[in-house]
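Architecture at a glance
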Amino acid sequence: MFDRVAPRYDALNRILSGGRDAGWRRRAIALARLGPREVALDVGVGTGDLAFGLLDASDPSARVIGVDVSPLMLEAARRRAEEQGEPRFAGMLATADALPFADGAFERIVAGFAVRNFGDLAVGLREMRRVLRAGGRAVILELSTPPNPVVGVAYRLYFHRLSPLIAATLGGDAAAYRYLPRSVAAFPNAEGLAAHMRDAGFARVRYERLNLGIAAIHVGEA
Ligand SMILES: C[S@@+](CC[C@H](N)C(=O)[O-])C[C@H]1O[C@@H](n2cnc3c(N)ncnc32)[C@H](O)[C@@H]1O
């Protein structure tokens, strides 16, 4: 499915989130900024929005490795690195369930709108914790469920009914954008994700809700 949406993914995200996803990414990037020679892993890197934003905001000697299960998403990220002349990015085809890296290999782990799609959330989070260096930080940006019931009704109406129609009208993949709200409904709320992170071994887990809770940023440390 991610291969299918890859060509229009960036533009549709901007439109369907009313431009909010860029601000959410900026906040996640501010929490994950890298110092000299530090390396981050971006799990589910997609077309690289988070990875390239993080490089822009970090020390010039920092690097980001992006992994993704979708060859087309990864290809888009690699093309972007080439076009931008960005040698500090490397992309690898890999799944979050079995990250091909040594324990404690990274100072930062970031994931933007990716953990919700993991085949097994507990395994993916444990893997992310395993490859995080002692003193390192994981920053997870993900869609969430608004805690206020009134906001929740309006949100579900938009997300379940309107957004697949908008995606189809704009030439996107309506089935993929029907998957989106279902995947959020099936995903733990902000407190639930924090509990999963603690179970996976992250310390000092905290989160901030964004835009009335339609998204959240979770931070955990090693
Ligand atoms: C919604 S996109 C987000 C991409 C990017 N992080 C961003 O912020 O725009 C989710 C990405 O996660 C990838 N993905 C889903 N499950 C994965 C897994 N188990 N392991 C690695 N990547 C995964 C998908 O292929 C897709 O590219």
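Residues numbered from 1 in each chain as written. Predicted model: local features only at pLDDT ≥ 70, side-chain atom pairs only at ≥ 80, totals over all residues. Heavy atoms only, no water.

1. A look at the overall build of the protein chain
Within the protein chain one finds nine helices and seven strands. Since a compact globule built from 222 residues should have a radius of gyration of about 17 Å, the 17 Å found for the protein chain is in line with a globular shape. Over its C-alpha atoms, taken along the principal directions, the protein chain stretches across nearly 45 × 40 × 30 Å. Every one of the 222 residues in the protein chain was classed for burial, and the buried ones make up 50%. Within the protein chain, counting contacts between residues at least 6 apart in sequence, those at least 24 apart form 73% of the total. Total accessible area on the protein chain stands at roughly 10100 Å², and carbon and sulfur atoms take up 56% of it. Of the charged side chains in the protein chain, 29 are positive and 24 negative, and the gap between their average positions amounts to 5 Å. (Helix = DSSP H or I, 4+ residues; strand = E, 2+ residues; numbered from the N terminus. Rg over C-alpha atoms; globule rule 2.2 N^0.38 Å. Buried < 20%, exposed > 50% of the residue type's maximum accessible area, 1.4 Å probe, protein only. Contact = heavy atoms within 4.5 Å. Areas by Shrake-Rupley, 256 points an atom, 1.4 Å probe, with all protein chains shown as cover. Lys, Arg positive; Asp, Glu negative; His and termini not counted. Charge placed at Lys NZ, Arg CZ, Asp CG, Glu CD.)

2. Details of the sheet that holds strand 4 (residues 106-112)
Read across the sheet, seven strands follow the order 3-2-1-4-5-7-6 without closing on themselves; strand pairing throughout is mixed. Both edges of this open sheet fall to strand 3 (89-93) and strand 6 (203-210), since each of them pairs with a single strand only. With direction set aside, neighbouring strand axes in the sheet form an average angle of 15°. (Pairing = 2+ DSSP bridges. Axes fitted to C-alpha atoms, helices over the stretch in contact; angles between N-to-C directions.)

3. Concerning the nonpolar core
Leu54, Val64, Phe89, Val139, Leu143 and Ile217 are the most contacted members of the largest nonpolar core, which has 37 residues in total. Listed by contribution, the elements that provide at least two residues to this core are helix 3 (20-32), helix 4 (49-57), helix 5 (71-84), strand 5 (132-143), helix 7 (149-169), helix 8 (174-185) and strand 7 (215-221). If near-sequence neighbours (up to four positions away) are discounted, isoleucine 217 is found in contact with Trp24, Arg27, Ala28, Leu31, Val139, Ile140, Leu141, Arg206, Tyr207, Glu208 and Leu210. Val39, Val43, Leu99 and Ala114 belong to the second-largest nonpolar core, a separate cluster that totals 29 residues. (Core = buried A, V, L, I, M, F, W, Y, C linked by side-chain atoms within 4.5 Å.)

4. What about unusual backbone geometry?
Although it is not a glycine, arginine 37 adopts a positive phi angle of roughly 60°. Tracing the backbone through its elements, the reader meets arginine 37 in the loop between helix 3 and strand 1 (39-43). Notably, arginine 204 is not glycine yet its phi reads approximately 45°, a positive angle. You can see arginine 204 is positioned in strand 6. Residue classification places arginine 204 among the exposed residues on the basis of a relative accessible area of 55%.

5. Side note on the pairing of strand 4
Every regular strand shows the same layout, with side chains that alternate between the two sheet faces. Taken across its seven residues, strand 4 has seven buried, putting it largely inside the fold. Two elements, strand 4 and strand 5, share six bridges in a ladder whose sense is parallel. Within strand 5, the position partnered with isoleucine 109 by the bridge is alanine 138.

6. Points about the pattern of salt bridges
Considering all chains together, one arrives at 13 salt bridges under this definition. In this structure, arginine 116 engages glutamate 142 in a salt bridge whose closest nitrogen and oxygen atoms are separated by 2.7 Å. Of the two residues, arginine 116 is situated in the loop between strand 4 and helix 6 (121-130) and glutamate 142 in strand 5; the sequence distance between them amounts to 26 residues. Under the relative-accessibility criterion, glutamate 142 is labelled buried at 2%. A single salt-bridge network, built from bridges that share partners, covers Asp21, Arg25, Asp49 and Arg80. (Salt bridge = Lys/Arg side-chain N within 4 Å of Asp/Glu carboxyl O.)

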